[in-house]
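Each chain is listed here by its residues.
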Amino acid sequence: MNNIVAIVGRPNVGKSTLFNRLIQRREAIVDSVSGVTRDRNYGKSEWNGKEFSVIDTGGYVRGSDDVFEGEIRKQVELAIDEADVIIFVVDVEEGITPMDDVVARLLRKVTKPVLLAVNKVDNAMREKDALEFYNLGLGDYFTFASISGSGTGDLLDALIESFPVKPEPVQEEVVLPRFAVVGRPNAGKSSFINALIGKERFMVTDIAGTTRDAIDTKFDRFGFEFNLVDTAGIRRKAKVKEDLEFYSVMRSVRAIEHADICILVIDATRGFEGQDQSIFWLAEKNRKGVVILVNKWDLVEKDTMSTRDYEEKIKKELMPFTDVPILFVSALTKQRLLKALEATVQVFENRKQRIPTSKFNEFMLKVIEAYPPPATKGKYVKIKYCMQLPTLTPQFVFFANMPQYVKEPYKRYLENKIRENWDFSGVPIDIYIREK
């Protein structure tokens, strides 16, 4: 197991900037508004050949009436439990604040190594100012400037030395499939993941837009193993008023690009809105597998036909790509969550399935013979051979004498026939017609 490092401190002392510097990516959102990081953000870092995981936490706030800040406090306490070493970040510009005292009191009780890191020290004057941090009772401190990176080397050297000695594992890392949980804000994405992993990994409040970063969670239960990515809700461009929202939407778009399967969570009480459709088409355009989960199904007035009608309505919006699993779930009551997982894993399997060329020809050439491409200007198109391409997503090529005369509707007919015979549910298919 990698060593885990938690970065804690009150809001806006530069924890996320340090986190981004350690993992060398812009993972955590950095903004001068305090309290931007709301969930624990995980990343991997390496120094002097030693790998470790880093947790960036929301600022530690005591006695605040902000809903989020109470939640952030819970997250920080959880992060301290999970970590092997804790970096406590303070700000030299503001000196010791009452809030720093509270955090220090919490950390003095911890038996794990705590490194006190004084941020924003970028000249000799500030080196002197940093002396007051001895008053926190946490021993020696390290001065650094997270924006420019000066001083982080000494901090990292000390960090590596304070890791507990662990036996070396001999197993290499398997690349797990990545499932991104996407959807508009407040559709219940975080509740869905928390219900699955049985841990409060994400903050859940009734306010839309609580999750602002895309966060990975390894899932290994019920015989399934994969990475789950919870993304900030994607909102319409016009609604992205705060910069933060913009970053979060960008992050979600990136999560979709990096995922194998997108689990699109929609709010049953609101229906399949335009925004949900654009997320769906975004995933489809990126050639990702898609599973649609209609969440909050426990809140909807139902009769015997309601699921069927609801499904029809969604499929009408998805034309022509209607071969998508749609499940009705409730993250709150944990209704059909395992079904949703099974469907997602099935879509992942569908996406990587390979059809032997001989079998594919045997079936498809009969289909083409029964209903050949329509003649254009008296010219007949003949397709004599077809195969699946060795690509990451299902792509099929048909060799014809006059490919330019094979139009979209016929390609769709071929796709439908492939779907009828092989299970490609939830996976976009590409059909190419080439000259033989």
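Residues numbered from 1 in each chain as written. Predicted model: local features only at pLDDT ≥ 70, side-chain atom pairs only at ≥ 80, totals over all residues. Heavy atoms only, no water.

(A) Focus on the overall build of the chain. The helix and strand inventory of the chain stands at 12 helices and 15 strands. Across the 436 residues of the chain, 53% fall into the buried class. Of all intrachain contacts in the chain linking residues separated by at least 6 positions in sequence, the fraction that spans at least 24 positions is 70%. Carbon together with sulfur atoms contributes 51% to the accessible area of the chain, which is approximately 21,300 Å² in total. (Helix = DSSP H or I, 4+ residues; strand = E, 2+ residues; numbered from the N terminus. Buried < 20%, exposed > 50% of the residue type's maximum accessible area, 1.4 Å probe, protein only. Contact = heavy atoms within 4.5 Å. Areas by Shrake-Rupley, 256 points an atom, 1.4 Å probe, with all protein chains shown as cover.)

(B) View of the sheet that holds strand β14 (residues 395-400). The strand order β13-β14-β15 describes an open sheet built from 3 strands, whose pairing is mixed. What marks the edges here is a single partner per strand, and that holds for β13 (383-388) and β15 (430-435). Taken pair by pair, the neighbouring strands of this sheet meet at an average axis angle of 20 degrees, ignoring direction. Relative to β14, β13 runs antiparallel, the two being bridged by 5 bridges. Counterpart to Gln388 in the pairing with β14 is Phe396. Contacts from helix α11 (residues 357-370) reach β13 and β14, with the element oriented near 140 degrees to β13. Its contacts with the sheet put helix α12 (residues 408-421) on β13, β14 and β15, and the angle it makes with β15 is roughly 125 degrees. (Pairing = 2+ DSSP bridges. Axes fitted to C-alpha atoms, helices over the stretch in contact; angles between N-to-C directions.)

(C) Spotlight on unusual backbone geometry. In the segment running from Met319 into Pro320, the intervening peptide bond is cis, with an omega of 0 degrees. Take Pro320: it is sitting in the loop between α9 (306-318) and β12 (326-328). Positive phi, close to 60 degrees, is recorded for Lys334, a residue that is not glycine. When you line up the elements, Lys334 lands in the loop between β12 and α10 (337-351).

(D) The pattern of salt bridges, seen in detail. Under the criterion given, the structure shown has 15 salt bridges. Notably, a salt bridge pairs Asp430 with Arg287, separated by 2.7 Å at the nearest N-O pair. A residue pair is termed long-range when its members are at least 10 positions apart, and Asp430 in strand β15 and Arg287 in the loop between α8 (274-285) and β11 (289-295) qualify at 143 residues. On the basis of relative accessible area, Asp430 is assigned to the buried category, the value being 13%. (Salt bridge = Lys/Arg side-chain N within 4 Å of Asp/Glu carboxyl O.)

(E) Region of interest: the nonpolar core. Counting 28 residues, the largest nonpolar core has Phe179, Phe192, Phe219, Phe226, Leu228, Ile263 and Leu293 as its most contacted members. Counting only elements with at least two residues in this core, the list comes to β7 (178-182), α6 (189-197), β9 (224-230), β10 (261-267), β11 and α10. Ranked by residue count, the leading element in this core is α10, at 7 residues. Not counting chain neighbours up to four residues away, the residues in contact with Leu293 comprise Phe192, Ile263, Leu264, Val265, Ile266, Leu327, Val329 and Ala340. (Core = buried A, V, L, I, M, F, W, Y, C linked by side-chain atoms within 4.5 Å.)

(F) Here's a closer look at the pairing of strand β3 (residues 50-56). Burial within β3 is extensive, with 5 of its 7 residues counted as buried. Here strand β1 (residues 3-8) runs beside β3; their pairing, made up of 5 bridges, is parallel. Pairing of Asn3 across the sheet is with Phe52, part of β3.

(G) Structural view of the packing of aromatic side chains. Tallied over the full model, the rule gives 17 aromatic pairs. Three or more aromatic residues joined by ring pairs make a cluster, and in this case those are Phe360, Phe363, Phe396, Phe398, Trp422 and Phe424. Over the ring of Tyr310 we find Lys313, and its NZ or CZ is 5.7 Å from the ring centre. (Phe/Tyr/Trp six-rings, centres within 6.5 Å; stacked < 30°, edge-to-face > 60°. Lys NZ or Arg CZ within 6 Å of the ring centre and 35° of its normal.)

(H) How the structure looks around the environment of Phe219. Turning to its location among the elements, Phe219 is positioned in strand β8 (residues 215-221). Phe219 sits 43 residues away from Leu176 along the chain, and the two C-alpha atoms are 9.7 Å apart. In this structure, Phe219 is in contact with Leu196, Ile197, Phe224, Glu225, Phe226, Leu228 and Leu341, ignoring residues within four places of it in sequence.

(I) View of α6. Here α6 lies mainly inside the structure; 8 of its 9 residues are buried. Where α6 is concerned, the buried positions are Lys189, Ser190, Phe192, Ile193, Asn194, Ala195, Leu196 and Ile197. Backbone geometry just after α6 places Gly198 at a positive phi near 65 degrees.

(J) Focus on the side chain of Thr393. Mapped onto the secondary structure, Thr393 falls in the loop between β13 and β14. Setting aside residues up to four positions removed in sequence, Thr393 forms contacts with Arg287 and Arg351.

(K) Geometry of α9. Over its 13 residues, α9 runs 19 Å from end to end, which matches the ideal 18 Å to within 8%, given 1.5 Å per residue. Among the residues making up α9, those that are buried are Ser306, Tyr310, Ile314 and Leu318. Viewed end-on, α9 has its buried residues packed into an arc of 110 degrees, placing them on one side of the element. In α9, the exposed positions that point more than 90 degrees away from the buried face belong to Arg308, Glu312 and Lys316. (Expected span 1.5 Å × (residues − 1). Arc of directions from axis to C-beta.)

(L) Expanded view of the pairing of β7. Among the 5 residues that make up β7, 4 are buried, leaving the element largely enclosed by the rest of the structure. Across 4 bridges, the pairing between β7 and β10 is parallel. Bridge pairing links Val181 to Ile263 in β10.

(M) Molecular detail of the confidence of the model for the chain. Scored by pLDDT, the chain comes out at a mean of 79, with 76% of its residues at no less than 70. Confidence drops under pLDDT 50 across residues 233-250; counting only partners more than four residues distant or on other chains, this segment forms 41 contacts. (pLDDT = per-residue confidence, 0-100.)

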